[in-house]
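So you can see what is in the structure, the chains are spelled out below.
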Amino acid sequence: MIECPQCHSALQKEFINNSAFSPCPQCHQPIQALVFPALFYEPKAVGSAQPLVIDGQANCFYHPDKKAVILCSACGRFLCALCDIELDQQHLCPACLQSGTRKKKIRNIDSEVVCYDKIAFAVAFFPILFFYLTLITAPIAVYLSVRYWNTRSLTGSKARFVLAILMGLAQITGWYFFFKFIANHHTHFRHHG
């Protein structure tokens, strides 16, 4: 049960995992409760537990009362089914997975993601406030969007890339007409001045 931190009244499911703050029904304190969705899942019926170790069988390094089912590919420790982490046809223990991730020896785990779509959008949008910066940032925004188009985005959408390209091209077009206007004006004054 999730409670209001102010008055400790129970919160209904409608208040949980909302994107905005909502007032508590009792004390009207603005609250936002973000919880792991599994809290609301009904527990599934499971089969019989994994057999305990019988004399002569290897046991799990982390769970001595569980039967080992496989060896860790990195360190050779015996692992039960619970501890076995299969990754790229290797079986790793939790310690080797953590160590390999930290030392960047395991390539297929994204411990950090660069949001190039956000960077491209920011490079295209924020310099509009200081228009002269767009002379430099507009081509950079278009380049970043095209260069990193196929990278993984947290949203899975290409919308920021598209907006960055459109804004960058609009700024480049604006600069083109600005310089064309200046050149025509300069030529006009030169001939009529």
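What counts and what doesn't
Residues numbered from 1 in each chain as written. Predicted model: local features only at pLDDT ≥ 70, side-chain atom pairs only at ≥ 80, totals over all residues. Heavy atoms only, no water. Helix = DSSP H or I, 4+ residues; strand = E, 2+ residues; numbered from the N terminus. Buried < 20%, exposed > 50% of the residue type's maximum accessible area, 1.4 Å probe, protein only. Contact = heavy atoms within 4.5 Å. Areas by Shrake-Rupley, 256 points an atom, 1.4 Å probe, with all protein chains shown as cover. Arc of directions from axis to C-beta. Disulfide = S-S within 2.5 Å. Expected span 1.5 Å × (residues − 1). Salt bridge = Lys/Arg side-chain N within 4 Å of Asp/Glu carboxyl O. Phe/Tyr/Trp six-rings, centres within 6.5 Å; stacked < 30°, edge-to-face > 60°. Lys NZ or Arg CZ within 6 Å of the ring centre and 35° of its normal. Patch = residues over 30% accessible without salt bridge, like charges linked within 9 Å, V, L, I, M, F, W, Y side chains within 5 Å.

**Focus on the overall build of the chain**
Working step 1: Looking only at helices and strands, the chain has four helices and six strands in total.
Working step 2: Helices and strands in the chain line up, N terminus first, as β-β-β-β-β-β-α-α-α-α.
Working step 3: Burial status across the chain gives 23% buried among its 193 residues.
Working step 4: Put simply, 25% of the contacts in the chain that link residues at least 6 apart link residues at least 24 apart.
Working step 5: For the chain, the computed accessible surface area is about 14,300 Å², with 61% contributed by carbon and sulfur atoms.

**What to know about helix H2 (residues 116-125)**
Working step 1: Among all positions in H2, only Asp117, Ala120, Val123 and Ala124 are buried. Axial view of H2: buried residues confined to an arc of 130°, hence all on one face.

**Things to note about unusual backbone geometry**
Working step 1: Within the chain, His8 stands out as a residue other than glycine whose phi angle is a positive 65°.
Working step 2: Position of His8 among the secondary structure elements: in the segment before strand E1 (22-23).

**Notes on the state of the cysteines**
Working step 1: Applying the stated criterion across every chain, the model contains zero disulfides.
Working step 2: Unpaired in terms of disulfides, Cys24 finds its nearest cysteine sulfur in Cys7, a separation of 3.7 Å.
Working step 3: Not engaged in a disulfide, the cysteine Cys60 finds its nearest cysteine sulfur in Cys80; these two sulfurs lie 3.6 Å apart.
Working step 4: Cys60 gets classed as buried once you look at its relative accessible area, which sits at 2%.

**Describing helix H3 (residues 134-147)**
Side chains three or four residues apart in an α-helix point the same way, a direct result of the helix having 3.6 residues per turn.
Working step 1: Compared with an ideal rise of 1.5 Å per residue, which puts 14 residues at 20 Å, H3 spans 19 Å between its outermost C-alpha atoms and is within 8% of the ideal.
Working step 2: Those residues of H3 that sit buried are Thr134, Thr137, Ala138, Ala141, Val142, Leu144 and Ser145. Summarising the axial view, the buried residues of H3 lie within an arc of 165°, below the 170-degree limit, and thus occupy one face. Among the exposed residues of H3, those pointing more than 90 degrees away from its buried face are Ile136, Tyr143 and Val146.

**Observations regarding the pattern of salt bridges**
Between side chains of opposite charge, a pair can form as their charged atoms come close.
Working step 1: Taken as a whole and assessed by the stated rule, the structure comprises one salt bridge.
Working step 2: With a closest N to O distance of 3.2 Å, Arg160 and Asp117 form a salt bridge. Within this pair, whereas Arg160 is found in helix H4 (residues 159-192), its partner Asp117 is found in helix H2, the two being separated by 43 residues in sequence.

**With respect to the packing of aromatic side chains**
Working step 1: Taken as a whole and assessed by the stated rule, the structure comprises 10 aromatic pairs.
Working step 2: Pairing Tyr116 with Tyr148 gives two aromatic rings, centres 3.6 Å apart and planes at 5°, and the pair type is stacked. Residue Tyr116 is found in helix H2, and its partner Tyr148 is found in the loop between H3 and H4; the two are separated by 32 residues along the sequence.
Working step 3: A connected cluster of aromatic rings, assembled from ring pairs, spans Tyr132, Trp175, Phe178 and Phe179.
Working step 4: Its guanidinium or amino end placed over the ring of Phe61, Arg77 lies 4.3 Å from that ring's centre, counting from NZ or CZ.
Working step 5: Over the face of the ring belonging to Tyr148 we find Arg147, whose NZ or CZ atom lies 4.7 Å from the ring centre.

**Focus: a nonpolar patch on the surface**
Working step 1: Together, Leu135, Ile136, Ile140, Phe178, Phe179, Phe181 and Ile182 give the surface a local cluster of nonpolar side chains, amounting to about 660 Å² of exposed area.
Working step 2: When contributions to the nonpolar patch are tallied by element, the ones reaching two or more residues are H3 and H4.
Working step 3: Per-element accounting of the nonpolar patch gives the leading share, four residues, to H4.
Working step 4: Structurally, the position occupied by Phe178 is in helix H4.
Working step 5: Overall, Phe178 belongs to the partly exposed group, its relative accessible area being 38%.

**What to know about the environment of Leu87**
Working step 1: Its place among the elements puts Leu87 in strand E5 (residues 85-87).
Working step 2: Separated by 10 residues in the primary sequence, Leu87 and Leu97 have C-alpha atoms spaced 9.2 Å apart.

No statement about biological role is implied by the geometric values presented.
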